[in-house]
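# Summary of structural features
Spelled out, the chains give:
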Amino acid sequence: MARGLILSSPTLTATTCLFASISKTPPKSFNLSFGLKLIHHHYHLIPSPCSFSVDSSPSQCSIDISKYTETFSRRMAMAGLKPHHRIGQLLFVSLIFPAEKLNLFCKMQIFAQLALGVSGGPDSMALCVLTAGWKTAGADAVTSENGGFIDGLLAIIVDHGLRAESKEEANIVSHRVSKMGIRCEIACCDWPSGRPKQGQLQEAAREMRYQIFQEVCAQHRIGVLLIAQHADDQAELFILRLSRNSGVLGLAGMPFTSQIFPTYTQSYREVQANQGILLVRPLLEFSKEDMYKICQGGSENWVEDPTNQSPLYARNRIRMVLNNLSSSAFKFELQALISACRITRTYVDQIAYSLIRDAVVIKDHGYVVIDLQILCPLKVEDICLMKFLSLILQFVSQRQRQIRGSALKLLMDYIRTFPCKNSVTAAGCYLCPDPGSRGSRVLVCCCSNGCAFPLKIEYFESQSQGQQGCCVANELEKIIEAEKSYANHLVLDASDVHFLDVNPELVLTEAKRLNIIGESTYNSIFALQKQETAHFRSKTEVISDSASKHGVTPFSKSLQPGQFCYFMDRFILTWKLKNNIDNDKLSGLVDYEMDLGEETRSLCCTSCVAGNNKVPEVRHMIESDWLYLAELSKYPLSKNFPQYEVKSVNGTKQIMDRTSPCLHYASVSAKQALRLLKSIPVAARRSLPVLINQQGQLLSIPSVNFKHCPFLMVHMEFKPKIPLGGGHTHSYSKIVT
């Protein structure tokens, strides 16, 4: 949400027709070059003494935006998006509303296929103009049943709550966007740790804004989010990263499309449909000046944020200097340099994903194996190998951001050594030779000894996903594939790519040598870089409090029956006690000549370590767990022993009745589990989840199908939040014991 709205005074060529007004114009209909007429929802706006706007009236300004609409349509197609896509889902309401009101409510619920991040500024208002026209082109998407709104669009307006008047301003923007025919939702920020510090305000607000975008999209089951970032934003980011000594991949700026994945989970439905959110930036070809023209062409008002004028923030300082460097040659050459960096990043991505496809195997126990016999002979450029390693480490560690810096440099020599002989820990991952490979393969697993991350467990309830949820996921997957097909048409050769082996400090020099930029542009960028570097001060990273807010719980919390647990962002766990034993579970007990009558079955769980009134906890597997399995598997079959003593993982002695069916079952289960456990490298075992009771006694190791009691049913699914490379084609395993 734009903060502190003031009268705008943009520098536009041939634009003298703007005048300030309070937003109280009557509802209107307007024509765009898409050949449609939008029916607007009527609102009566209350003028605010502190909220001003620019009014673009068609009678005073007539700007043809057909070239913008054509470019926008082309960019949306490049993202794999078409106006008819159903990338959302009708909300389930049968349990919320009585039957007599259900039909009326369903008529009001529209498939929110696309979300738009809207602040009310010229950028996001231009995005609304173009998206509304694109969505309704050639379709009767605005009907009276929809309340005058365009079917399939939802504008998300974030009220940061950092000023007293922010709520009123959010309402004004909502009214304006609603008049365009776009349904709106205002989301308010919650700052549990108090207002962010002044120097960190913009960064913290951005983090909170994207967190809210994810929450709203998850709530409405929206798979695509449009953001109004444009070419001038790219230029600012280039200078900012250049002053921070970023490499060429960072200098490439914001990608046209990217994916963001949830940092927390509210329901099992979200886990099953975890396609992430496709973030699309369709305005990257447009300039800031274009934003104003689109708003004028659509006769739409916008607001300006006075904090954008504060030199306290780096982006503002860079923006003001770039505005003064307004020559067309400078702007053209700067964008050409950014474009060259983006081409380099595209090439690096292609090589990295090709290496993943050819040399990487994902194991369903949560670790990765890299085949050095395939990787090492390829003589991959360092920058491509670093990107490859970054994607692998991000997947295994489940970090939200890709790994950069010293951790990758540490691994470069390690991964190039053939055969591999040593082990190394980096970025929360443990790398070692894959057992039995004689160093020809490298195993990469999560480092679970506390050196990287604390134990992270989320608890959430089950919700039925339904058939529509599957359709949404499938539709989004098709969109991702369509977008990739455009990128795959661009096959790059290393000879056509610049900066592959250039030191980050020499990117500008190399660009001048290649005549991408001239001497004047080089001097201007270098001076701006030097100026901003002088302003740069290291900051403590803003840490989100979303963990405590959304259910990342301490180790000691119990997992209730039927409740779901997300373990270290990798495994989904749930359990329950059954009333009877399945026949297939009894097959291993037949040879023990045991009494398996109904009375014995019903008493079984009262004597085993599970117990009817106990609930388990979850932790990492430790070495004593498989030692316990080995001891349990030695259970004597002789009837001469009325009792059997087993040492539990916490060192206590556990006495079990010789005639307990659970003890027989646990022994058989332990023998079978040990055979499976041999196929899992020791390093990878330590990141697997196990269930224990409150006394620390082992109940279940679902990854190897071990459980202490046949009445105990455990479901485990390997479902990492962040797929390898952000892809959508990986299939993961489910284990039910």
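### Observations concerning the overall build of the protein chain
- Scanning the protein chain for helices and strands turns up 23 helices and 27 strands.
- When each of the 737 residues of the protein chain is scored for burial, the buried share is 54%.
- Taking the contacts inside the protein chain whose residues are at least 6 apart along the sequence as the reference set, 75% of them involve residues at least 24 apart.
- Accessible surface, the protein chain: about 33,000 Å² in total, of which carbon and sulfur atoms supply 52%.

### What to know about the packing of helix α13 (residues 382-397) against helix α14 (residues 406-416)
- Where α13 meets α14, the axes come as close as 10 Å, and the angle between the chain directions of the two elements is 105 degrees. The pairing of α13 with α14 is recorded here as roughly perpendicular in orientation. Packed against α13, whose contacting residues are Asp-382, Leu-385, Met-386, Leu-389, Ser-390 and Leu-393, the element α14 presents Leu-408, Lys-409, Leu-411, Met-412, Ile-415 and Arg-416 at the interface.

### Some points on the confidence of the model for the protein chain
- Scored by pLDDT, the protein chain has a mean of 76; 67% of the residues are at 70 or more.
- Considering only residues more than four positions removed or in separate chains, one finds that residues 464-469, a stretch of pLDDT under 50, has 16 contacts.

### Description of the packing of aromatic side chains
- Overall, the coordinates contain six aromatic pairs when judged by the stated rule.
- Residues Tyr-522 and Phe-526 carry aromatic rings whose centres are separated by 6.0 Å and whose planes lie at 10 degrees to one another, so their mutual orientation is stacked. Of this pair, Tyr-522 and Phe-526 both sit in helix α17 (residues 519-535), four residues apart, which is roughly one turn of the helix.
- Here Tyr-522 falls in the buried class, since its relative accessible area comes to 14%.
- Exposure remark for Phe-526: the relative accessible area of 40% places this residue in the partly exposed category.

### Some words on the nonpolar core
- By size, the foremost hydrophobic cluster in this structure holds 116 residues, and its most contacted members are Phe-238, Leu-337, Ile-370, Phe-388, Ile-392 and Val-444.
- Among the elements that make up this core, the one with the highest residue count is helix α11 (residues 328-359) (11 residues).
- Each residue touching Ile-370, except ones within four places of it in the same chain, is listed here: Ala-359, Val-360, Leu-375, Phe-388, Ile-392, Ile-415, Ser-440, Arg-441, Val-442 and Val-444.
- In this structure, Ala-79, Cys-128, Ala-155 and Ala-228 belong to the second largest nonpolar core, which totals 40 residues.

### Section: the environment of Leu-632
- Mapped onto the fold, Leu-632 is located in helix α21 (residues 623-632).
- Taking the relative accessible area as the measure of exposure, Leu-632 reaches 0% and is therefore buried.
- Measuring from C-alpha to C-alpha, the distance between Leu-632 and Lys-671 comes to 8.2 Å, with 39 residues separating the pair along the chain.

### Observations concerning the environment of Val-280
- Within the secondary structure layout, Val-280 lies in strand β10 (residues 277-280).
- Spatially, the C-alpha atoms of Val-280 and Pro-255 are 8.5 Å apart, while their sequence positions differ by 25 residues.
- Discounting residues that sit within four places of it in the chain, Val-280 has contacts with Ala-79, Leu-81, Val-224, Leu-225, Leu-226, Ile-227, Phe-256 and Thr-257.

### Remarks on the state of the cysteines
- With the rule as written, the count across this model stands at zero disulfides.
- Cys-128 takes part in no disulfide bond, and the closest cysteine sulfur to it belongs to Cys-184, at a distance of 7.2 Å.
- Overall, Cys-128 belongs to the buried group, its relative accessible area being 0%.
- Looking at the unpaired Cys-189, the closest cysteine sulfur is the one in Cys-188, lying at 7.7 Å.

### What about the pattern of salt bridges?
- Taken as a whole, this structure holds 17 salt bridges when the rule is applied.
- With a closest N to O distance of 2.8 Å, Glu-236 and Arg-319 form a salt bridge. Of this pair, Glu-236 sits in helix α6 (residues 231-243) while Arg-319 sits in helix α10 (residues 314-324); the two residues are 83 residues apart in sequence, bridging distant segments of the chain.
- What makes Glu-236 buried here is its relative accessible area of 4%.

Conventions we followed
Residues numbered from 1 in each chain as written. Predicted model: local features only at pLDDT ≥ 70, side-chain atom pairs only at ≥ 80, totals over all residues. Heavy atoms only, no water. Helix = DSSP H or I, 4+ residues; strand = E, 2+ residues; numbered from the N terminus. Buried < 20%, exposed > 50% of the residue type's maximum accessible area, 1.4 Å probe, protein only. Contact = heavy atoms within 4.5 Å. Areas by Shrake-Rupley, 256 points an atom, 1.4 Å probe, with all protein chains shown as cover. Axes fitted to C-alpha atoms, helices over the stretch in contact; angles between N-to-C directions. Parallel < 35°, antiparallel > 145°, perpendicular 65-115°, else oblique. pLDDT = per-residue confidence, 0-100. Phe/Tyr/Trp six-rings, centres within 6.5 Å; stacked < 30°, edge-to-face > 60°. Core = buried A, V, L, I, M, F, W, Y, C linked by side-chain atoms within 4.5 Å. Disulfide = S-S within 2.5 Å. Salt bridge = Lys/Arg side-chain N within 4 Å of Asp/Glu carboxyl O.

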